[in-house]
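Structural overview for review
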Amino acid sequence: SADTPIKVGKRVAVIGAGSVGRHIADRLARLQIRGIRIVDPGRFKAQSLLTHPINVEEVVNRAWKAQSAAEHAASLSPSTSASFFNGVFQDLDMTALIDVDLIAMATDNLAAEVATAQRCLQLRKPLVHAAVHGETLTAQSRWYTNADGAGPCIRCGFSELEKQHIDSHT
């Protein structure tokens, strides 16, 4: 029937539930995918109102970004299984990614990006990396198929400044 939603049988993990990741999770829920897992260690702060589609109560309550995005996704698509992890990606058990079909990464943390990319390569999971350069508001995305477990290194694509930054924090 015309009222029956089209069920997309995919499961996607969204790493980073900030301004970009939250929008990715929203769109995936609207597609009524089978499952979505959202990972983010952050809580909303006053500045989040400028870049995130959230309400004031989430800032006042210092809501977790991952939990909020998962609850929003579930409200948009009750048939989508939505789960969350309120922590850093590096602390996520690797088994949490085994049954996902795609990982979408939109963090503002270079160490999390490298860790995510390495796990995707090990698990042979495709990775979409979405980012916005804050100063210029330039959006970019990268796709890594990781089909054979021998894809490119995400760190190798970093600028010298990014490499210096990550090296100084490890």
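Right above here is the structure, for reference.
Note that the coordinates shown come from a computational prediction; the quantities given were computed from them, not determined experimentally. (Residues numbered from 1 in each chain as written. Predicted model: local features only at pLDDT ≥ 70, side-chain atom pairs only at ≥ 80, totals over all residues. Heavy atoms only, no water.)

**Details of the nonpolar core**
Rule in force here: Here the nonpolar core consists of buried residues drawn from Ala, Val, Leu, Ile, Met, Phe, Trp, Tyr and Cys, with membership extended through side-chain atoms lying within 4.5 Å. Remark: exposure states derive from per-residue accessible area (1.4 Å probe, protein chains only) relative to the maximum for the residue type, with buried under 20%, exposed over 50%, and partly exposed in between. Labels follow the DSSP assignment, with helices taken as runs of H or I lasting at least four residues and strands as runs of E lasting at least two, numbered in each case from the N terminus. Working rule for contacts: check all heavy atoms of both residues, and any pair within 4.5 Å makes them a contact.
If you look at the biggest cluster of nonpolar residues, it comprises 19 residues, and the most contacted ones within it are Ile-15, Phe-89, Leu-97, Ile-103, Leu-127 and Ile-154. Among the secondary structure elements, those contributing two or more residues to this core are strand 1 (8–15), strand 4 (102–105) and helix 5 (110–123). It is helix 5 that contributes the most residues to this core, five residues altogether. Contact partners of Phe-89, with chain neighbours within four places excluded, come to Ile-15, Val-39, Leu-97, Ala-112, Ala-115, Thr-116 and Arg-119. Counting residues in hydrophobic clusters, the runner-up holds 14 residues, among them Val-14, Ala-25, Ala-29 and Ala-73.

**So, the environment of Ala-117**
By secondary structure assignment, the location of Ala-117 is in helix 5. With relative accessibility at 11%, the residue Ala-117 sits in the buried group. Note: C-alpha distance between Ala-117 and Met-105 (twelve residues apart in sequence) is 8.8 Å. When residues no more than four places from it in sequence are discounted, the contact partners of Ala-117 are Leu-127 and Ile-154.

**A short note on helix 5**
The line we're drawing: Multiplying 1.5 Å by the residue count of a helix minus one yields the expected span of that helix. Under the rule applied, a polar contact is a pair of N or O atoms within 3.5 Å (in protein, one hydrogen donor and one hydrogen acceptor; residues adjacent in sequence only if both atoms are side-chain atoms).
The end-to-end C-alpha distance of helix 5, which contains 14 residues, comes to 20 Å, matching closely the 20 Å that a straight helix rising 1.5 Å per residue would cover. Capping the start of helix 5 is the job of one residue whose side-chain oxygen sits 3.0 Å from the backbone nitrogen of Ala-111: Asn-109. Just beyond helix 5, the residue with positive phi is Arg-124, at close to 60°.

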